Amino acid sequence: EVQLVESGGGSVQAGGSLRLSCTASGFTFDDFDMGWYRQAPGNECELVSTIRSDGSTYYADSVKGRFTISKDNAKNTLYLQMNSLKPEDTAVHYCAADGPWSPRGNCRDSELGYWGQGTQVTVSS
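Everything numeric here is computed off the predicted structure, so don't read it as measured data. (Residues numbered from 1 in each chain as written. Predicted model: local features only at pLDDT ≥ 70, side-chain atom pairs only at ≥ 80, totals over all residues. Heavy atoms only, no water.)

**Description of the nonpolar core**
Test applied: The criterion is simple. A nonpolar core is a set of buried Ala, Val, Leu, Ile, Met, Phe, Trp, Tyr and Cys residues joined through side-chain atoms within 4.5 Å. Exposed residues in this analysis have more than 50% of their type's maximum accessible area, buried residues have under 20%, and partly exposed residues fall in between, with area computed by a 1.4 Å probe over protein chains only. Helix and strand assignments follow DSSP, with helices taken as H or I runs no shorter than four residues and strands as E runs no shorter than two, numbered in order from the N terminus.
Counting residues in each nonpolar core, the largest one holds 26 residues, and the members touching the most others are L4, F27, M34, W36, L78, L80 and M82. Residue assignment for this core shows that the elements contributing at least two residues are strand 3 (18–25), strand 4 (34–39), strand 5 (46–51), strand 7 (67–72), strand 8 (77–82), strand 9 (91–97) and strand 11 (119–124). Among the nonpolar cores identified, the runner-up in size contains seven residues, and C45, L47, Y94 and A96 belong to it.

**Quick notes on the side chain of H93**
This is how it is decided: Pairing of N or O atoms within 3.5 Å defines a polar contact, subject to two protein rules: one partner must be a possible hydrogen donor and the other a possible acceptor, and residues neighboring in sequence count only if both atoms are side-chain atoms. In what follows, residue pairs with any heavy atoms lying within 4.5 Å of each other are defined as contacts.
Topologically, H93 is positioned in strand 9. At 3.1 Å, the side chain of H93 and the backbone oxygen of A91 are in polar contact. Those residues within four positions of H93 in sequence are excluded, and the remaining contacts are E6, L20, Y37, R38, M82, G118, T119 and V121.

**Here's the deal with the sheet that holds strand 8**
Applied cut-off: Paired strands are those between which DSSP finds at least two bridges. Each axis is a line fitted through C-alpha atoms, and for a helix only the stretch in contact is used; angles between axes span 0 to 180 degrees, taken between their N-to-C directions.
Spatially, four strands are ordered 1-3-8-7 in an open sheet, and the strand pairing comes out antiparallel. Bordering the open sheet on either side are strand 1 (3–7) and strand 7, each of which pairs with just one other strand. Averaged over all neighbouring strand pairs, the angle between strand axes comes to 15°, with direction disregarded.

**Considering unusual backbone geometry**
One non-glycine residue, N76, adopts positive backbone phi at about 50°. Its location among the elements puts N76 in the loop between strand 7 and strand 8.

**Details of the packing of aromatic side chains**
How two aromatic rings sit relative to each other is set out by the distance from centre to centre and by the angle between their planes. The following threshold applies: What counts as a ring pair is set by centres within 6.5 Å for rings of Phe, Tyr and Trp (its six-membered ring), and what kind of pair is set by the plane angle: stacked under 30 degrees, edge-to-face over 60, tilted for all other angles.
Overall, the coordinates contain five aromatic pairs when judged by the stated rule. When the ring of F27 is compared with that of F29, the centres are 6.4 Å apart and the planes differ by 40°; the resulting orientation is tilted. F29 matches F27 in its accessibility class, with the two residues each being buried. Both rings, one in Y58 and one in W101, keep their centres 4.6 Å apart while their planes meet at 55°; by these two values the pair is tilted.

**What to know about the side chain of D89**
Structurally, D89 is set in the loop between strand 8 and strand 9. By relative accessible area, which is 1% here, D89 ends up buried. D89 has contacts with R38, R66, F67, V121 and V123, leaving out every residue within four places of it along the chain.

**Let's talk about the state of the cysteines**
Put simply, the rule reads: The definition used for a disulfide is geometric: two cysteine sulfur atoms within 2.5 Å.
Counted according to the given criterion, the structure contains two disulfides. Through a disulfide, C22 is tied to C95; the S-S separation comes to 1.9 Å. On the sign convention where negative is left-handed, the bridge of C22 and C95, at about 50° about the S-S bond, is right-handed. Pair noted here: C22 is in strand 3 and C95 is in strand 9, with a separation of 73 residues, a long-range link. Just as C22 is buried, C95 falls in that class too. Ordering the disulfide-forming cysteines of the chain by sequence position, one finds them joined as 1-3, 2-4.

**Describing the pattern of salt bridges**
Here is the rule: One speaks of a salt bridge when a side-chain nitrogen belonging to Lys or Arg is within 4 Å of a carboxyl oxygen belonging to Asp or Glu.
One pass over the structure, following the stated rule, counts five salt bridges. For R38, the salt bridge goes to D89, with nearest N and O atoms at 2.9 Å. With R38 in strand 4 and D89 in the loop between strand 8 and strand 9, this residue pair connects regions lying 51 residues apart in the sequence. In this pair, the class of R38 matches that of D89, namely buried. Residues D89 and R66 are paired through a salt bridge, measuring 2.8 Å at the closest nitrogen-oxygen approach. In this pair, D89 sits in the loop between strand 8 and strand 9 while R66 sits in the loop between strand 6 (57–59) and strand 7, placing the two residues 23 residues apart along the sequence. As far as the burial class goes, D89 and R66 line up, both buried. Each of R38, E46, R66 and D89 takes part in one network of salt bridges that share partners.

Below you can see the structure in the form of structure tokens.
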């Protein structure tokens with residue numbers, strides 16, 4: 001079956017860095033658009049960044065210049081390098097395959113995409 005497993009979350013101080021990883025299995029990783037989403041308590045799911053199968057990328061304005069999405073097709077792994085973290089980045093972060101452009105509600109309740117379980121990122125001031 002399709003599996004997406006996130007790792008790399010944790011607690012850091014503002015200005016710090018984390019690198020999230022998402023290891024995928026059960027589908028042809030190279031051919032899928034991949035993305036990172038996040039959801040803070042009380043908020044809707046938010047698209048953070050995507051990388052398409054052709055390598056093109058998208059970043060939300062709130063993270064542009066601070067985050068970098070990448071993937072290693074040989075390892076079936078998606079990454080999100082997060083630098084200059086801010087308290088407002090605090091959220092559960094999810095990776096998804098073929099996820100929505102405009103997510104609503106809870107990330108993992110979306111009708112679109114395959115989703116991981118999420119990893120918590122907490123940024124303190």
